[in-house]
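Close look at the chain arrangement
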Amino acid sequence: MRRIALESLLLISVCGAVAILVTVLVMDAQKPDLRFAQQVAAGAQKLFESGQREAAISALDEVLQRTPESLVARRELAMELVASGQWAEAATQLRLVLSASPRDASAARKLAEALERLGDLRGAITYSRLACRLDPENGVYWIRLAATLLRSGDHEEALRAAQRAVRYAAGVPEAYVQLGFAKWQAGDMAGAKSAFLDALDLDPRNLPALDALRKLGAGPASRPGRPGSAPLESARLISNRLDSVE
Amino acid sequence: MNVSPRQRPGPQSGSGGNRVWLDRRAFLVASGIILWVTVFVRQFVHPADAISWTYQVLVLCLLLAATTGRALLPQRPRNDARELAWPPALVWGAIVLAAVLPHLHSLTIGFVSDDYGLAWIARDAGSAAEAMRSRGLISFLRPLVMLGWWVADRVWGGAPVGHHIAAILVHTANSLLVYAIGRKLIGRSYGALLGALLFAVHPLHVEPVCWPAAGADVLCTGFSLLSLLAVQTYWTTAPGGARPVLLGGALAAFLLALLSKEAALALPGVIVLVVVLGGDSESRQECRSYGPASCGHVQRKLGDVALIVGAYVIVLAAYLGWRMQALGGLGGYTLPRTFWNTIFPSNPLLLVGDFLFPVHTTLFAGMGSVASWLAVTAMAAGVLWWLAGLDRVPGRRLWLWVGSVFLLAIPSWTFRWQPSASLEWTRFGYLPTIGLAWLFGDLCAGRGLGWKRSGAVATCIIAAFAALTIWYVMPWREAGRLARQAVAAGAKMVEEHTTPEGPPALYVRGLPEAYHGAPVLANCYPQAMNLALGKQVPVRVVTAMARAGGVHPDVMALWKLRPGEYFVAYDAKSARMSVVRSGGRPGALPSTGGQP
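Residues numbered from 1 in each chain as written. Chains lettered and ligands numbered in written order. Predicted model: local features only at pLDDT ≥ 70, side-chain atom pairs only at ≥ 80, totals over all residues.

What follows is about the pairing of strand 6 (residues 576-582) of chain B. All names here are of chain B. Two strands pair when backbone bridges link them, and strand 5 (residues 565-571) and strand 6 are joined in this way by six bridges, in the antiparallel orientation. Bridge pairing in strand 6 links V568 to V579. In textbook terms, the turn of a hairpin is the stretch between consecutive antiparallel strands, and for strand 5 and strand 6 this stretch comprises four residues, one of which, A575, has a positive phi near 55°. (Pairing = 2+ DSSP bridges. Helix = DSSP H or I, 4+ residues; strand = E, 2+ residues; numbered from the N terminus.)

Take a look at the structure:
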């Protein structure tokens, strides 16, 4: 009995090794397609940058029909859809990218942006938080999360996110601007003013900070919190600037 | 035929019927198939992906095949009746030379990466006690190592060559200890010598020996081996005056090992293995042949075992309590755990695989395909030689060697350690590989003394590994050169832009992170600049990698620089640093591409 068990174990070891070899070779055999998809993705990026957006997107669509598992091509397609403002399609592709590569902080961040554009603030906050969790030292993600939280009216968490933004992006005026708005919403006028002044110290021509300071000087009646109020519109402008840089 | 007392009849021994399909040739063919697949997958398919799970499973298949073959095939007699006739001075001299010579050209490597950070902590510390209280670069409790850096800074000004000499000396001492302990455990100085020589020259040890920041592993191994030696001597010493001193010494060495690096956490487990499995049933006959000095373990008592284990557990508990209190938790690395390395002994398997087959894939790729194939085939043949001789190793000792490897790999098992194709992170394998070195020695001793029996192949393996070590040190030398260039360029930039108000603040991108597996400036560039300029200068690194104090490129693109602040780019090819933009003169934002 012992002998049979041992012999079986030896056979299993040999068969296991051969099975692994076959698996690895099959995976390797798929590589040419994946390599081709990678090359198409690189070409599509150049096409897109040269202004031929539709041609780039259609090339990527075509290659993804042939090699749907190509993460590089799908990611490129998603980013191009985001840049073209096709938010719904971009969100679909980004969800697929994230399901294949759940640690892709940049994809999570872009999905948050797409969802926010589509009006899904809750989804945007979820994916923005995910991006911050995956890449906590990227201050831009914290700035973005603070802006989205401010829009949703959650000024307590927005304040925490803005504080993290200032910690990881100490030289970025937008981090102080978000901190200022978060403090303003929390009723801390002096703190808000100080944050806006910090932003102006870095960038004396920072319009949202100048605007906010002007309004703060007008008194507490202009306190933000209502949808469409001036500071929140400024926050939206800042989000747009962040999106253009990322 | 000279038949050792260890000879055991296997299931097939005896003549006549009951012949089964498995004979030694069939076993070698089966092992050869698995070995070939392992080598092929690791070396020639897609190494980076392959080692994510396939490599360790293949090593497991190889170990399973080896152990089942060993259990099924008839045991051949050990040929270790004769003892090595070399004078002790020659034996010790050979080990010293083997440990020193292959690493000699590491003396000029200089500092790389974390070395600068540790050197700066030592330089900045006001006293030895302050340095010892430091948590290192992450959250470590290694007071002995920090004391070493502080002493180095105060005694020889922290010059890198001193650290390299110290590392080689400790490595040499470790190799000698491997021999001393191996001689007692294996019972033959011949086997112990070959095991110690393999440990001394093994290419997996390039990282811990050549990188001062990884010296913690070398030091921790030294104290762990001292502790093992003391326990072993205690165990084989007749009751009397020296025993309490030996036990006290063993415990003190264990504590010092823990204070060097937490890698020694599993040492009590190995002590238990040595005490329980250090001798086998056949050794009673050995005792009769070689006298009472070689068979103290036969006289062991349960009380002694409990005393030793209890004492080690008390020291371990005290250390863990102190560590929890000092670090506010267990501390250490915070790398993400993966499914594989949590539920599967991937680290020990990777370690065994890399010990048997220490191929630096990126360096091998530069050899050309034919030379690479030949080298890999020769190494695979060496591994098959190992497997074919496993039946010469007594069962209890085989468990002792393999158990030691697996136990000592536990501390690194808890995080994502993955020796890569470029043999990074192999410092975590320095301590566990003592078990594999002894296994090699035991195997050679079992094959018999002399060139025709095991000497030729064993010497070839050791010589080949020594050559690999010499080769694998080369990327470290280049990494050191690249690091020095980057630091010099940064220092020049600081000097050129220093104003009466003070030095400029630099945000540096484009620093070389690694060279063929050797870290260049993956960490600690600001501290390197501090050391180069002899004062603290405001330097931050722009990198997408998570670094303490680093700035993400996305963030840097929005960063508003104040007067006196410079965003600079380093070009490793020309070793020059250029200003991308500076405070007060805003230029175009650097392109980040939007991609991670």
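Next up on the list: the interface of chain B and chain A. Often, the extent of an interface is quoted as the loss of accessible area on bringing the components together. Contacts between chain B and chain A engage 34 residues on the former and 31 residues on the latter. Contributing elements (two or more residues each) for the side of chain B that touches chain A: helix 1 (24-44), helix 3 (54-72) and helix 25 (553-558) of chain B. Tallying contributions element by element places helix 3 of chain B first for the side of chain B that touches chain A, with 10 residues. Classifying every residue of the side of chain B that touches chain A gives 24 nonpolar, eight polar and two charged. (Contact = placed C-beta atoms within 7 Å. Nonpolar A, V, L, I, M, F, W, Y, C, P; charged D, E, K, R; others polar.)

Residues and elements named next belong to chain A. The topology assignment puts Q30 in the loop between helix 1 (2-29) and helix 2 (31-49). With 12 C-beta atoms packed within 10 Å, Q30 lands in the exposed category. Sequence separation between Q30 and T67 is 37 residues; the distance between their C-alpha atoms is 9.3 Å. (Buried ≥ 20, exposed ≤ 12 C-beta atoms within 10 Å, placed from the backbone.)

For the rest of this paragraph, the subject is the pairing of strand 5 of chain B. Residue and element names in this part refer to chain B. Within strand 5, five of the seven residues are buried, which leaves the element mostly enclosed by the surrounding structure. As defined by bridge partners, strand 1 (residues 505-509) adjoins strand 5 across five bridges and the pair is classed as parallel. Among the inter-strand pairings, Y507 is bridged to a residue of strand 5, identified as F567.

All right, on to helix 9 (residues 189-201) of chain B then. Given a rise of 1.5 Å per residue, 13 residues ought to cover 18 Å, and the 18 Å separating the end C-alpha atoms of helix 9 of chain B matches this to within 8%. Where burial is concerned, most of helix 9 of chain B is hidden: 13 out of the 13 residues are buried. (Expected span 1.5 Å × (residues − 1).)

Take the nonpolar core next. L60 and A146 of chain A are the most contacted members of the largest nonpolar core, which totals 244 residues. Shared between two domains, this core holds at least three residues of each, these being domain 1 (24-80 + 87-449) and domain 2 (487-582) of chain B. Residues in contact with A146 of chain A, not counting those within four places in the same chain, are A158, A161, A162, A165, Q178 and A182 of chain A. (Core = buried A, V, L, I, M, F, W, Y, C linked by C-beta atoms within 7 Å. Domains from an automatic or database assignment.)

Let's shift gears to unusual backbone geometry. If a residue is not glycine, its phi is most likely negative; likewise, a peptide bond is most likely trans. Residues and elements named next belong to chain B. You will see that W425, though not glycine, has its phi angle at about 65°, which is positive. Note that W425 resides in the loop between helix 21 (410-413) and helix 22 (433-447). Classification of W425 by C-beta neighbours within 10 Å gives partly exposed; the count is 18. One non-glycine residue, A575, adopts positive backbone phi at about 55°. Inspection of the secondary structure puts A575 in the loop between strand 5 and strand 6.

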